[in-house]
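# Secondary and tertiary structure notes
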Amino acid sequence: MTQKMFITNAAQLITMAGSTDGPATREAMSQLNLIEDGSLFMEDGKIVEAGPDKEIREKYQEHFQSAEQIDATGKIVAPGLVDPHTHLVHAGTRENEYAMRLKGRTYMDIMQAGGGIHATTRATQQASHEQLYDESKKRLNQFLLHGVTTVEAKSGYGLTLEHELKQLEVAEQLNNDHPVDLVSTFMGAHAIPMDEKNNPDKFVDRVIQEMLPEVADKKLAVFNDVFCERGVFTPEQSRRVLEAGKEYGLIPKIHADEIEPYEGAELAASIGAISADHLLKASENGIKKMAEAGVVGVLLPGTAFFLMAEFAEARKMIDAGVAVALSTDANPGSSPTISLPFIMNLGCLKMGMTPEEVLTATTINAAHAIGCASEVGSLESGKKADVTIFDVPNYLTLSYKYGMNHVDTVVKAGIPLVRGGQLQ
Ligand SMILES: N=CN[C@@H](CCC(=O)O)C(=O)O
Ligand SMILES: [Zn+2]
């Protein structure tokens with residue numbers, strides 16, 4: 001039997017239609033393709049059509065009796081949100097470091113002293129597959145409750161073949177078991193292990209010779225990421241890791257220019273990365289090169305907020321033609337949040353983005369940043385029926401009433417998983 005569903009009477013149906021072939025840039029980032037009093041008809045987990053309520057009811061009236069109906073009167077309906085940069089799979093928390101930073105210690109100084117990423121690496125190495133699975137599943141449920149239906153998830157807290165595989169296998173299992181879609185990224189080059197600090201190139205060799213082939217052989221990742229930062233991996237080492245990944249069919253991503261300007265944006269452009277992420281300190285030239293090369297800029301304002309750093313220059317990037325996406329960067333050290341709607345608020349209030357642009361940045365452009373725009377990111381015929389209904393009368397209210405969860409309903413592949421703000 002086919003499964004049919006209508007979502008009717010939306011005060012605003014935000015389709016985001018029109019940017020599936022390539023990410024939205026410049027003015028296109030403001031195009032929501034919004035339908036007032038809109039409806040959506042879905043069948044077998046796919047969107048059949050989005051349009052004005054009256055038209056959809058007439059066109060598909062024969063299905064009305066046999067379909068489930070969700071009334072969205074007074075609410076807005078949007079594509080399920082996409083989070084294109086998370087460190088979802090990890091063990092433990094680091095609130096102790098938060099307290100240290102509040103007293104003046106810095107993120108990098110804590111990391112160099114063996115905390116930071118190293119602390120989460122120890123906890124993740126010690127955790128069993130089951131423990132990692134349970135902790136990560138809780139976070140994934142929270143993502144869903146906040147309207148997110150697709151999440152990118154990185155490894156990078158294993159730093160040995162065994163533990164990197166464990167993280168990626170947990171992500172794979174969650175992708176199979178949990179309704180939220182996960183897209184995996186290998187990030188063996190997330191930090192140089194403390195005991196190899198004096199020989200970083202040897203560790204880079206191991207990432208390339210030992211880890212990458214296994215990850216690729218087991219088909220555990222789509223992307224390959226590296227933390228290109230002074231004191232972590234140099235641009236040269238980063239290039240080696242990303243070039244090697246390409247040989248195995250892994251698409252490059254890069255943590256670029258987060259703490260210091262380090263020519264990460266330039267590297268992303270020259271290597272053909274699908275995205276460059278962070279970019280707080282990206283240079284003018286790097287921004288220009290990214291725009292020319294079509295690298296999506298994934299901005300993570302939760303990280304700047306939480307590290308009390310300067311925010312990335314989103315306005316400048318959009319005006320220069322970079323396709324911008326937004327993400328939580330969910331991780332236990334620099335951005336312990338799963339609230340993509342809060343990230344939208346920060347995009348508006350701290351990075352000069354408009355309410356329209358932040359919607360583009362968390363739907364279709366986020367989907368482009370992880371290579372799944374043909375399936376998700378907009379409410380267009382043939383795409384997955386991933387839909388979030390927010391209990392606000394217009395999209396402006398989403399970024400106006402900040403710091404609260406407005407999600408009413410989340411439909412994933414045609415199945416309602418959240419109703420009345422509660423997991424079903
Ligand atoms: N900057 C590098 N990696 C993560 C943080 C990881 C951590 O602190 O545990 C990030 O994207 O912010
Ligand atoms: Zn990150």
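Residues numbered from 1 in each chain as written. Chains lettered and ligands numbered in written order. Predicted model: local features only at pLDDT ≥ 70, side-chain atom pairs only at ≥ 80, totals over all residues.

Relative to the helices and strands, Ile192 is located in the loop between strand E8 (181-189) and helix H7 (200-217). With 24 C-beta atoms counted inside 10 Å, the residue Ile192 sits in the buried group. The spatial distance from the C-alpha of Ile192 to the C-alpha of Lys202 is 9.8 Å, given a sequence separation of 10 residues. Not counting residues within four places of it along the chain, the set of residues in contact with Ile192 comprises Lys197, Pro200, Phe203 and Val232. (Helix = DSSP H or I, 4+ residues; strand = E, 2+ residues; numbered from the N terminus. Buried ≥ 20, exposed ≤ 12 C-beta atoms within 10 Å, placed from the backbone. Contact = placed C-beta atoms within 7 Å.)

Once that is clear, we can look at the domain arrangement of the chain. By a widely used convention, the size of an interface equals the accessible area lost when the partners come together. Examined at the domain level, the chain breaks down into domain 1 (4-79 + 378-423) and domain 2 (81-370). Computed over C-alpha atoms, the centres of domain 1 and domain 2 are 29 Å apart. Each partner contributes residues to the interface: domain 1 has 31 residues there, and domain 2 has 30 residues. Among the elements of the structure, strand E5 (76-79), strand E14 (387-390), helix H16 (395-400), strand E15 (407-412) and strand E16 (415-419) are those that each provide at least two residues to the side of domain 1 that touches domain 2. Here the element with the most residues in the side of domain 1 that touches domain 2 is H16; it accounts for four residues. Considering only residue class, the side of domain 1 that touches domain 2 consists of 19 nonpolar, nine polar and three charged. (Domains from an automatic or database assignment. Nonpolar A, V, L, I, M, F, W, Y, C, P; charged D, E, K, R; others polar.)

Our next topic: the nonpolar core. Counting residues in each nonpolar core, the largest one holds 135 residues, and the members touching the most others are Ile7, Leu40, Val77, Ala268 and Val324. Shared between two domains, this core holds at least three residues of each, these being domain 1 (4-79 + 378-423) and domain 2 (81-370). Setting aside chain neighbours within four positions, we find Val324 in contact with Met29, Gly297, Leu299, Ala314, Met317, Ile318, Ala361 and Asn365. (Core = buried A, V, L, I, M, F, W, Y, C linked by C-beta atoms within 7 Å.)

Strand order in the open sheet formed by eight strands is E6-E7-E8-E9-E10-E11-E12-E13, with parallel pairing between adjacent strands. Taken across any chain shown, the strands that pair with only one partner, and hence form the sheet edges, are strand E6 (81-83) and strand E13 (324-326). Pairwise comparison of adjacent strand axes, ignoring direction, gives a mean angle of 25° for this sheet. As defined by bridge partners, strand E10 (residues 251-256) adjoins strand E11 (residues 275-278) across four bridges and the pair is classed as parallel. When the bridges of E11 are listed, His255 appears paired with Asp277. Docked against the sheet, helix H6 (residues 161-177) engages strand E7 (148-154) and E8, running at close to 175° with respect to E8. Packed on one face of the sheet, helix H13 (residues 340-351) meets E6, E7, strand E12 (296-299) and E13 and runs near 130° to E13. (Pairing = 2+ DSSP bridges. Axes fitted to C-alpha atoms, helices over the stretch in contact; angles between N-to-C directions.)

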